Amino acid sequence: MRVLLVGAGGVGTAVTRIAARRSFFEAMVVADDDPARADAAVAALDDGRFLAARVDAGDESAVVELLRRHGCDVLLNATDPRFVMPLFRAARSAGATYLDMAMSLSHPHPERPYAECGVKLGDDQFAQAEEWTKAGALALVGMGVEPGLSDVFARYAADELFDEIEEIGVRDGANLTVDGYDFAPSFSIWTTIEECLNPPVIYEAGRGWFTTEPFSEPEVFDFPEGIGPVECVNVEHEEVLLVPRWVHARRVTFKYGLGREFIETLKTLHLLGLDRTEPVTVPSAAGPVSVSPRDVVAACLPDPATLGERMHGKTCAGTWVRGVKDGAPREVYLYHVVDNQWSMTEYGSQAVVWQTAVNPVVALELLATGAWSGTGVLGPEAFPARPFLDLLTVYGSPWGMREQ
């Protein structure tokens, strides 16, 4: 297997550090629009299988040329969701397998954004599923931690833990703090704004997908391994669009433990129009310049990849499932916890980006060995869960299950 990794930010760099300990691939080309980031990621490894390159993720022809030049048969997308479609199309053009950790962007319903879906997350990719299937090619979408491991948990629950599933609810929470910052997101603020301020999607059997108000239906969820109770709210996320395609459940939700201060900050950004992606013209010493308000917000905040030394605590990703087994009610929480001190000591990557990065590497190994295979545009639920969960444990990052 020869892999083109596009994106050498926090998650991409963590991918290289995790993959360097495995032998399933022949080469990994680490490409970024900023050549210094790609060079730094490769230089830190002292491993001849890794090579740095420069590429604009939005330039499809350049990505196709890079795939072909290095004979890469897999493209792993570690960029933000703006670049999903050009990279997705580039992989298909080059005949490469495609993996990402977030799906194509949504667009709210123009008249009823908090009741009906417009363009849903992943719709643009699933619209091309037939083309991928006919070509015998695979696009494995949403293969990070959330979406990704959370979806694997949903498939595992359906296959091994339940006879009937009433509800699947992904629940994400943490007790992370960052020294010296009052507001310092542990993940890309561009992506965080996108998923938190868009209308959240809920799925119900018989009704299908529908939307609600941002931050709706607050609940307190008790997270394991010392994290404790965290208030969680509805947020737009890919699992709600993926799980019902392969797993039968009467209801699917995603709730994120954001915290009141974080929510109020996001609401303020929205109120001021600073969440917008459309460029605005602002004065500068060199004359008027056109910039995206959201890009300005991102530029003003610390890079999440650099926060590891200042960060303390744990992050938890998991899937809560309620249903029936052998005629009796059952409720479980399947989860994966990463302690920032462990991930920094072991890999030099902060907990949130490391937890995201380990899952596509596990998936790549399963594809390389043939334990996972398929054609078309598929989510993690389309594959058997047990091989993934077993290999994740082999990677030194076990998962857990709590009966509720």
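Since we're looking at a predicted model, the values are computed, not measured.

## Focus on empty space enclosed by the protein
The full count for this structure, using the stated rule, is one cavity of 30 Å³ or more. What the largest cavity holds in volume is close to 90 Å³. Considering the residues around the largest cavity, the lining is formed by 16 residues, among which S106, G118, V119, T211 and E236 are closest to the centre. Each residue belonging to the lining of the largest cavity can be placed in one class, and the counts come to seven nonpolar, six polar and three charged.

## Looking at the nonpolar core
By size, the foremost hydrophobic cluster in this structure holds 88 residues, and its most contacted members are M28, V30, I168, L258, W372 and F388. Looking at this core element by element, the count peaks at eleven residues for helix α13 (residues 351-369). Beyond its immediate stretch of four places on either side in the chain, M28 contacts V3, L5, V15, T16, A19, R49, F50 and L51. Counting residues in each nonpolar core, the second largest holds 30 residues, with V63, V84, A91 and A96 among its members.

## Remarks on the environment of P398
On the secondary structure map, P398 appears in the loop between α14 (385-394) and β20 (400-403). Each C-alpha atom, one on P398 and one on V338, is 9.5 Å from the other, the two residues being 60 residues apart in sequence. Setting aside chain neighbours within four positions, we find P398 in contact with H336 and T393.

About the cut-offs
Residues numbered from 1 in each chain as written. Predicted model: local features only at pLDDT ≥ 70, side-chain atom pairs only at ≥ 80, totals over all residues. Heavy atoms only, no water. 1 Å grid on protein atoms, 1.4 Å probe; cavity = no way out; pocket = protein on both sides within 12 Å on 5 of 7 lines; lining within 4 Å. Points joined across faces, edges and corners; volume = space filled by probe spheres on them. Nonpolar A, V, L, I, M, F, W, Y, C, P; charged D, E, K, R; others polar. Core = buried A, V, L, I, M, F, W, Y, C linked by side-chain atoms within 4.5 Å. Buried < 20%, exposed > 50% of the residue type's maximum accessible area, 1.4 Å probe, protein only. Helix = DSSP H or I, 4+ residues; strand = E, 2+ residues; numbered from the N terminus. Contact = heavy atoms within 4.5 Å.

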